[in-house]
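So the chains spell out like this:
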Amino acid sequence: MAKLPIVGRSAHRKPNESMRLFVVTIVGVVLGFFIGISFPTVSITKLHFPSSIVSYIEDKNSALTTQAILNHAWTTARNVKGNDTESISDTAMKIYVPTNPRGAESLAPGIVVPESDFHPRRLWGNPDEDLPFKPKYLVTFTVGISQKENINRAVKKFSDNFAILLFHYDGRVSEWDEFEWSKRAIHISVRRQAKWWYAKRFLHPDIVASYEYIFIWDEDLGVEHFNAEEYIKLVKKYQLEISQPGLEPDRGLTWQMTKRRGDHQVHKVTEERPGWCDDPHLPPCAGFVEIMAPVFSRDAWRCVWHMIQNDLVHGWGLDFALRKCVEPAHEKIGVVDSQWIVHQVVPSLGNQGQSEHGRAPWEGVRERCRKEWGIFQTRMAEAEKTYYEMMGVPPPNVTFVQ
């Protein structure tokens, strides 16, 4: 007897499975729709793919690289975002900060570092741990090897609070390594240049901004009676923005203002030769120091640096113009008498000149100094005349000492 096929259970189950499949399909479509419309709000830059997945994709389908997938996703998200933010212009998204330093206007202010320093840093380790101690002051000497011993004595008068910078006009640098301090000092070597040439190029105010005071000294100074820390205390006590140590009156003295007074800690005014000071508050009777051993506060130096002419390397004439950088000059410029030095008048830099027409090298250097003095005075007078004319006011009547 033939068996009848058993179809009852199958026939009964099929309609139920069909219904379930239909419902699942509808739910999936609806869910996919909501996921799809919410996708543009997801930032593609915040999607992080596990490395295992990335490797799997690349291994399984070499024709479709991870980069291609990310590029496609990024393009899609950017296009969708662009449609949602049509009101935001491209210009509004660009960084422009006019108060940033010139040339850095397109940078966010938080990344701009406008100042630097001469602090050496390590080539390893954590940058935050490079400088357990930062010098507060900077002293520079313009030097040749013939004055090595004198500079060694001078440097010992400056504590660890002072960073040491040597400008070498003779190109001989390695020979200074016999001194331990020289291995920590900063050395800059350019042959046959003067102090103010170096200062203009290597002492920009933004480079030395971390130092409270900047000493710009010659190499031929005797410092037996000088202590740098005591000097700083007096400068602060008397609120001097520009200063120099008093000069031993028996050697190398040009101006009465810079002559040491034994009964003073500091002096700011003096009496000069008859007719030299129509105004007792003007140089060379006040508001005046020489250029052999000046000391500047960082604020005063920011002004003085801009006054130094790029082509005038000896600095003659600057001493009479320093008063323009502090106010009132007859109170902010002075000579520290109790910490004094001796000008030894060694013409070592002069010997770096060139002999011409049978004259000694130093004679040509001295002639250039005098010529620069005249050029500087003329430029200053013309610049101020132009300014006052532009402002519509008569210029003050100031007589320069020649």
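As shown above, the structure is provided for reference.
Predicted model, so just to flag it, every value in this text is computed and none were measured. (Residues numbered from 1 in each chain as written. Predicted model: local features only at pLDDT ≥ 70, side-chain atom pairs only at ≥ 80, totals over all residues. Heavy atoms only, no water.)

Enquirer: When you look at the layout of surface pockets in this model, what are you seeing that I'm missing?
Expert: Space left empty within the atom packing is revealed by a probe, the size of a water molecule, rolled over the atoms. By volume, the second largest pocket amounts to about 540 Å³. What lines the second largest pocket is a set of 24 residues, among which Pro 135, Asp 160, Phe 162, Ala 163 and Arg 184 lie closest to the centre. At three residues, strand 2 (residues 162–168) tops the list of elements feeding residues into the lining of the second largest pocket. Within the lining of the second largest pocket, the residues separate by chemical class into 15 nonpolar, two polar and seven charged. (1 Å grid on protein atoms, 1.4 Å probe; cavity = no way out; pocket = protein on both sides within 12 Å on 5 of 7 lines; lining within 4 Å. Points joined across faces, edges and corners; volume = space filled by probe spheres on them. Helix = DSSP H or I, 4+ residues; strand = E, 2+ residues; numbered from the N terminus. Nonpolar A, V, L, I, M, F, W, Y, C, P; charged D, E, K, R; others polar.)

Enquirer: Where do I start with the packing of aromatic side chains in this structure?
Expert: Each pair of aromatic rings is reported with the distance of its centres and the angle of its planes. Under the criterion given, the structure shown has 29 aromatic pairs. Clustering of aromatic rings is evident, with ring pairs tying together Tyr 137, Phe 141, Phe 158, Phe 162, Tyr 213, Phe 215, Trp 217, Phe 226 and Tyr 231. Its end group placed over the ring of Trp 305, Lys 200 keeps NZ or CZ at 3.8 Å from the ring centre. Above the plane of the ring of Trp 340 lies Arg 260, whose end atom (NZ or CZ) is 3.9 Å from the centre. (Phe/Tyr/Trp six-rings, centres within 6.5 Å; stacked < 30°, edge-to-face > 60°. Lys NZ or Arg CZ within 6 Å of the ring centre and 35° of its normal.)

Enquirer: Looking at this structure, I do not really get the state of the cysteines. What am I missing?
Expert: Disulfide: a covalent bond connecting the sulfur atoms of a pair of cysteines. For the structure shown, the criterion picks out two disulfides. Two residues share a disulfide in this structure: Cys 277 and Cys 285, whose sulfurs sit 1.9 Å from each other. Taking the sign of the torsion about the S-S bond as the criterion, the disulfide between Cys 277 and Cys 285, at about 95°, is right-handed. According to the relative accessible area criterion, Cys 277 is partly exposed, its value standing at 22%. The class for Cys 285 is buried, based on a relative accessible area of 4%. The residue that forms a disulfide with Cys 303 is Cys 325, at a sulfur-sulfur distance of 2.0 Å. Its S-S torsion of about -70° marks the bond between Cys 303 and Cys 325 as left-handed, since a negative value means left-handed. With a gap of 22 residues between them, Cys 303 in helix 8 (residues 298–307) and Cys 325 in the loop between helix 9 (318–321) and helix 10 (329–332) connect regions that are remote in the sequence. (Disulfide = S-S within 2.5 Å. Buried < 20%, exposed > 50% of the residue type's maximum accessible area, 1.4 Å probe, protein only.)

Enquirer: Even after reading the chapter, I still don't get the pattern of salt bridges, so can you show me in this structure?
Expert: Side-chain pairing between opposite charges can occur once the charged atoms of the two side chains come close. Tallied over the entire structure, the rule returns 13 salt bridges. Salt-bridge contacts for Glu 248 lead to Arg 260; the nearest nitrogen and oxygen are separated by 3.9 Å. Of this pair, Glu 248 sits in the loop between strand 6 (242–247) and strand 7 (266–267) while Arg 260 sits in the loop between strand 6 and strand 7, and the two are twelve residues apart along the sequence. (Salt bridge = Lys/Arg side-chain N within 4 Å of Asp/Glu carboxyl O.)

Enquirer: Could you clarify how one ought to interpret helix 7 (residues 228–237) in this entry?
Expert: In an α-helix, one turn spans 3.6 residues; hence positions three or four apart end up facing the same way. Every buried residue of helix 7 is listed here: Ala 228, Tyr 231, Ile 232, Leu 234 and Val 235. For helix 7, the angular spread of buried residues about the axis comes to 165°, placing them on one side. Structural note: helix 7 exposes Lys 233 and Lys 237 on the side pointing more than 90 degrees away from its buried face. On the buried face of helix 7, the contacting elements are strand 1 (137–143), strand 2, strand 4 (213–217), strand 6, strand 8 (295–297) and strand 9 (333–343). Sitting at the amino-terminal end of helix 7 is Asn 227, which places a side-chain oxygen 3.1 Å from the backbone nitrogen of Glu 229. In the segment just after helix 7, Gln 239 is the residue with positive phi, at about 55°. (Arc of directions from axis to C-beta. Contact = heavy atoms within 4.5 Å. Polar contact = N/O pair within 3.5 Å; in protein donor to acceptor, adjacent residues only side chain to side chain.)

Treat this as a map of the structure, not an account of what it does.
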